[in-house]
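Fold and contact review
Each chain, letter by letter, is given below.
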Amino acid sequence: MTRFIERHPAWALIALVAVALLLWLILAVWPPGLEEAIGRKRVFLNAVLNGITLGSLYFLVASGFTLIFGLMRNVNLAHGSLYLFGGYIGYAISAWTGSWILGFIIAFIAVALVGIALQIIVFRRMEGEDLRQTMVTIGLSIVFADLMLWAFGGDFYQIQTPSWLVGPIELPLVTAVKSSGEAVYLRYPLVRLVIFVAAVVIGIVMWLALNRTRVGMMVRAGVDDRDMLAATGVPIQLVFVAVFALGAGLAGIAGVVGGTFQSLSPGEDTRFLLASLVVVIVGGMGSIPGAALGAVIIGLAEQLGSVYIPTYAIVVTFLIMVLVLALRPQGLLARR
Amino acid sequence: MSLVQSAPETTQPAAAPRATLLAWPEFNKPAVWLVAVILLIMPFIASGFFLIEIFATTLILGTIALSLMFLAGYGGMVSLMQLTIAGFAAYMVAVFGMSANTNISLGWPWWLATPMALVLATIFGTLGGTLAVRTEGIYTIMITLAIGAAFYYFTNQNWAIFGGHTGINTIATPKFWGVDWRADVPYYYVTLGVAAFCYFAVQYVSRAPFGLALQGVRDNPRRMAALGFNVNAHRVAAYAFASFIAALGGVLQVWNYRQISPGSVSVGACIDILIIAVVGGITRPIGPYIGAFIFVILRTFALDLLVKLGLDGNRFRLLIGLGFLAIVFWSSDGVIGLWERWRRRATTPDKRAVGGHGHG
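Residues numbered from 1 in each chain as written. Chains lettered and ligands numbered in written order. Predicted model: local features only at pLDDT ≥ 70, side-chain atom pairs only at ≥ 80, totals over all residues.

Within chain B, the secondary structure is distributed over 16 helices and 2 strands. Per-residue burial over chain B gives 44% buried out of 360 residues. Counting contacts in chain B only where the partners sit at least 6 residues apart, residues at least 24 apart contribute 73% of the total. (Helix = DSSP H or I, 4+ residues; strand = E, 2+ residues; numbered from the N terminus. Buried ≥ 20, exposed ≤ 12 C-beta atoms within 10 Å, placed from the backbone. Contact = placed C-beta atoms within 7 Å.)

Our focus in this paragraph is the interface of chain A and chain B. Of the residues lining the interface, 29 residues belong to chain A; the matching set on chain B comes to 35 residues. Contributions of two or more residues to the side of chain A that touches chain B are made by α7 (130-152), α12 (268-283) and α14 (313-327) of chain A. In terms of residues, the side of chain A that touches chain B owes the most to one element, α7 of chain A, which gives 13 residues.

Take the packing of helix α7 (residues 110-132) of chain B against helix α8 (residues 138-157) of chain B next. Residues and elements named next belong to chain B. α8 packs onto α7 with a crossing angle of 140° between their chain directions and a minimal axis gap of 9 Å. Classified by the angle between their axes, α7 and α8 sit oblique to one another. The interaxial crossing formed by α7 with α8 has right-handed handedness. Only Thr140, Ile143, Thr144 and Ile147 of α8 make contact with α7, whose side of the interface consists of Gly128, Leu131 and Ala132. Grouping the amino acids of the contact of α7 with α8 by side-chain chemistry returns 4 nonpolar, 3 polar and no charged. (Axes fitted to C-alpha atoms, helices over the stretch in contact; angles between N-to-C directions. Parallel < 35°, antiparallel > 145°, perpendicular 65-115°, else oblique. Left-handed = near helix turned anticlockwise from the far one by under 90°. Nonpolar A, V, L, I, M, F, W, Y, C, P; charged D, E, K, R; others polar.)

This part is about the packing of helix α8 (residues 190-212) of chain A against helix α9 (residues 214-224) of chain A. Residue and element names in this part refer to chain A. Remark: α8 packs on α9, axes separated minimally by 5 Å, with the N-to-C direction vectors making an angle of 80°. In terms of orientation, α8 and α9 fall into the roughly perpendicular class. Where α8 approaches α9, its residues Ala209, Leu210, Asn211 and Arg212 are matched on the opposing element by Gly216, Val219 and Arg220. Residues that form the contact of α8 with α9 fall into these classes: 3 nonpolar, 2 polar and 2 charged.

All names here are of chain B. With 87% of its residues at a pLDDT of 70 or more, chain B shows a mean pLDDT of 79. A low-confidence stretch, residues 1-17 stays under pLDDT 50, and its non-local contacts, those more than four residues away or across chains, total 11 contacts. Contacts for the low-pLDDT stretch residues 351-360, under 50 throughout, to residues beyond four places or in other chains number 23 contacts. Reported for the predicted complex are a pTM of 0.82 and an ipTM of 0.75. (pLDDT = per-residue confidence, 0-100.)

Quick look at the structure:
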């Protein structure tokens, strides 16, 4: 952090000003002039919170994607299919047993098993052939998409939010002040906040596992130099399988999350594949903190864009990607 | 058949003007002449449905896939945005030309709207390529896929220029010299002409100094840079050339369907182009056309075939996906590679055939 400030004082200043401005916009009571210019504060706050919670969902999808890429150099273009598969499994389980949590657990296990099968049956055979692996994942995504269309049809599914998470709660964020001097607080759906907290917890656990455990050390060493790690006697195939299982399982969990606060339908797989692509391009390939940063940026850009410039919202996301590629092609937080 | 028989005679190099023609190895093979003749007399053999739905569609998809083949085969850059460039050209034809959406279309005549669309699409593709060459290898797929997907979602959202998710309908097609060029037979010849032009252009460029330098860049960018070649400039120029070919395909496509909507530029369609190129083989320009033919035949007849076999007719994409997986698993060079391996095995039965490895 300090090194970044030392090396790029101008960028650090710009980032600082942007964060300060955002904090002021979130915390302060807006003067009437500002409300006239860009609309109600409640709309803005909702967009920001939606952006951050959407970012947490993107993080769940993209962290698995970036982990798999970082270690195995495998651009898993079937990642969106794993997401959708997890969502459908979660829907089936939670509709059958009525338990939301159980849906998460089974979706994680089921999709992780698919990931293990893919790694052992398919990708192990073509190790080191990046392009061929990518082609295979494209073929797999087509096959999976059609199989899921076969099994679940083209309908929209939404996973039932459990009763203890239904409904909004009041946040200590003032949206407006009434003429009587009474402050109006923001009300926001509880389930989204819970999911945000869960994503943060998962992110921290992953960071700790990668940076503080022996297995994490092996994974990091594998990211840096796969061959040398194998030469030191580490059972690298086992590490590969474990990482693929974890990455796929995270996509499965993300599917349940996405099915809860959005919906599941054919085509969502491509949407989330695109989201994870953009997130890891912006954040930096193979970097978990990069995925987190990219996910928040893209989530915010998407939500704020769809509120303030509805017909050009996707262009904002795209421009961010272009800007990052132009200034820092390896991504914001990638080491190189 | 007489033409086929006479073809080997032309292999004898004789007059000087003929020598330039014979510098193209294609003209020395009888099979090539046979295919050319069949394609030329196709309107007298095939009915309107076959002519347009099978052969013209094959030529269009093949041309778009050819642009991908050029980038992937000679430049080592697998770009998934070739269909997006074609779709962009198609949208531009609709926007500048005449259509039923009078609030969008500017109503230019076709001879003005079409070059405009080609130029804009080439610029669009070149800009996308400039972005994509900032990274290498496997990243190219991701960035071009992101560009393609972003364009798809953008056309869906934007009503002012792209007509939202309904797109633009009843686009006017060229009529001049007393010919309706969208009528089956003239249209077939237009597609055939454009496809042949693109095919030979790619063949020519692949042997021109630029194409050779590009192949050098594919094989060893660092050495080429050390030799004084501007690696990125060659890559961007390759994107520009490929974009122009894809744009030609896009213009033909919009004349064929007379409408354009986001569905035509969806991510699935982008991936179809990759499938076509890979199934056909990305080492030679003929590959994409073979791939496109297989793809179109499957797409058109898979439903009937599946129903006849007592299966669900809607599982066409499953078939395509499995076929693609099989090709990627067993041959690194698509159908051409399979055929060549089979032929090599047939000619030298004692030696074990060696398939090519890794094509990027």
